[in-house]
Amino acid sequence: MTIDLPQYLDAFIFNVCKANYCPSYSDMMNIRDNKARTLTYLGTYFPRSFAESYFIFSRLIKKAPAFFTSKEDLSVLDFCCGTGGEIMGMLTAFKECLPNLRNLNIISLDGNKHALNLFEKVLREFQEKNKTTFSIRHKVSQITIDDVYDMSVTCSILEESYDIILTFKALCEFVTGQQFDDKNPYMHFAETFLPKLNEDGLLIIEDITTKNDISQEWLPLMMDTGLKKISCSIIDRNDDFNQTICVSHSNKKNDASKIAWRIIKNN
């Protein structure tokens, strides 16, 4: 499957923001990236995240239509949002598939101020170039998470509960950074944030599928091992070990990424 990055986004990130396309296959640690490296992330991984998210949300809307059609208001929390590719993919799927949606509230958390600044610029471009049936209220917050305690504190200060909580290609960085020592980041993330879901809310975890150089474990296997240790239900997931999603844009045609993803709800 190949998804085209919308032309207005393509022009904005590459021509206006001056993003760079330069893929790297080493374990990623983007939280400390400077502005130049963040622009490389924008040009390389934003389009991929857009396509991955667009695919997942389009599929989810078809698989669980009652969840979406019963709501005129939706609240979303994006943990470690980066430059916001997953939110743009989600918004595009919502625009196409949810005519009854009226209000969308989004909170985006990340540790990189350069990524957050770019995210806000891209979101403004989406709002300027797209007519939607829903209004968007968006807030970004810079966070620091060095260990399990920081994650718990971050969760505890969130006063709301959410219909959707998502994290894309972020938990692998906690594996690489060894911030949770030998603890499983997927288990701790789900265990920490599942209580912040509304009664019928959904938690979406998506990540790369490489064998991590630090842990020497395949990340999809680590994801499944962690989720099996907590009380939750997986309502949808990628087929087989991973799923390939391709995106085409002005700097690369059929740019492929392999991902593992799980959609989870409370038992």
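Please refer to the structure placed before this passage.
Residues numbered from 1 in each chain as written. Predicted model: local features only at pLDDT ≥ 70, side-chain atom pairs only at ≥ 80, totals over all residues. Heavy atoms only, no water.

Draft legend 1. How the structure looks around the side chain of N130. Topologically, N130 is positioned in the loop between α5 (113-129) and β4 (135-142). Only 3.0 Å separates the side chain of N130 from the side chain of Y8, close enough to count as a polar contact. Only 2.9 Å separates the side chain of N130 from the backbone oxygen of F126, close enough to count as a polar contact. (Helix = DSSP H or I, 4+ residues; strand = E, 2+ residues; numbered from the N terminus. Polar contact = N/O pair within 3.5 Å; in protein donor to acceptor, adjacent residues only side chain to side chain.)

Draft legend 2. Local environment of the pairing of strand β6 (residues 197-208). Counted residue by residue, β6 has nine buried out of twelve residues, so it is predominantly covered. Here strand β5 (residues 162-168) runs beside β6; their pairing, made up of six bridges, is parallel. Within β6, the residue paired with I164 across the bridge is L202. (Buried < 20%, exposed > 50% of the residue type's maximum accessible area, 1.4 Å probe, protein only. Pairing = 2+ DSSP bridges.)

Draft legend 3. Region of interest: a nonpolar patch on the surface. On the surface, W218, L221 and F241 cluster together into a nonpolar patch covering about 290 Å² of accessible area. In this structure, L221 sits in helix α9 (residues 219-227). (Patch = residues over 30% accessible without salt bridge, like charges linked within 9 Å, V, L, I, M, F, W, Y side chains within 5 Å. Areas by Shrake-Rupley, 256 points an atom, 1.4 Å probe, with all protein chains shown as cover. Salt bridge = Lys/Arg side-chain N within 4 Å of Asp/Glu carboxyl O.)

Draft legend 4. Quick peek at the pairing of strand β3 (residues 103-110). Judged by how many residues are buried, β3 sits mostly within the fold: six of eight residues are covered. With helix α4 (residues 85-97) bridging strand β2 (residues 73-79) and the parallel β3, this β-α-β connection has right-handed handedness. In terms of strand pairing, β3 meets β4 through eight bridges, oriented parallel. Within β4, the position partnered with N103 by the bridge is S135. With α5 bridging β3 and the parallel β4, this β-α-β connection has right-handed handedness. (Right-handed = clockwise from strand over helix to strand, strands pointing away.)

Draft legend 5. Spatial organisation of helix α8 (residues 185-193). α8 sits mainly inside the fold: eight of its nine residues count as buried. For α8, the complete set of buried residues consists of P185, Y186, M187, H188, F189, A190, T192 and F193. In this structure, the buried residues of α8 make contact with β2, α6 (148-156), β5, α7 (171-177), β6 and α9. The backbone nitrogen of Y186 has a side-chain oxygen 2.9 Å away, supplied by the residue at the start of α8, namely N184. (Contact = heavy atoms within 4.5 Å.)

Draft legend 6. View of the nonpolar core. Residues M88, L91 and F94 are the most contacted members of the largest nonpolar core, which totals 54 residues. With eleven residues, the top contributor of residues to this core is helix α2 (residues 35-63). Those residues within four positions of L91 in sequence are excluded, and the remaining contacts are L104, I106, L123, F126, F134 and I136. The next biggest cluster of nonpolar side chains, apart from the first, holds 36 residues, and it includes C80, Y162, L219 and I230. (Core = buried A, V, L, I, M, F, W, Y, C linked by side-chain atoms within 4.5 Å.)

Draft legend 7. Region of interest: the side chain of S49. Here S49 lies in helix α2. At a separation of 2.7 Å, a polar atom in the side chain of S49 contacts the side chain of K169. Apart from the residues lying within four places of it in its own chain, the contact partners of S49 are G85, E86, F168 and K169.

Draft legend 8. Structural detail: the environment of K183. The topology assignment puts K183 in the loop between α7 and α8. The spacing of K183 and K129 is 54 residues in sequence and 43 Å in space, taken between C-alpha atoms. Discounting residues that sit within four places of it in the chain, K183 has contacts with V148 and H188.

Draft legend 9. A look at the pattern of salt bridges. The tally for this structure, following the rule as stated, stands at nine salt bridges. Across the pair K71 and D163 runs a salt bridge, and its minimum N-O distance is 3.8 Å. Residue K71 is located in the loop between α3 (65-69) and β2, and its partner D163 is located in strand β5; the two are separated by 92 residues in the primary sequence. R237 is paired through a salt bridge with D224; the nearest N and O atoms lie 3.6 Å apart. In this pair, R237 sits in strand β7 (residues 232-237) while D224 sits in helix α9, placing the two residues 13 residues apart along the sequence. Linked through salt bridges whose partners overlap, the residues forming this network are E52, K169 and E206.

Draft legend 10. Structural detail: the packing of α4 against α5. Two elements in contact, α4 and α5, have axes separated by 10 Å at closest approach and are oriented at 15°. The pairing of α4 with α5 is recorded here as roughly parallel in orientation. Judged by the twist between their axes, the crossing of α4 over α5 is right-handed. Taking contact as the criterion, the partners of I87, M88, L91 and T92 in α4 are, on α5, F119, V122, L123 and F126. Classifying every residue of the contact of α4 with α5 gives seven nonpolar, one polar and no charged. (Axes fitted to C-alpha atoms, helices over the stretch in contact; angles between N-to-C directions. Parallel < 35°, antiparallel > 145°, perpendicular 65-115°, else oblique. Left-handed = near helix turned anticlockwise from the far one by under 90°. Nonpolar A, V, L, I, M, F, W, Y, C, P; charged D, E, K, R; others polar.)

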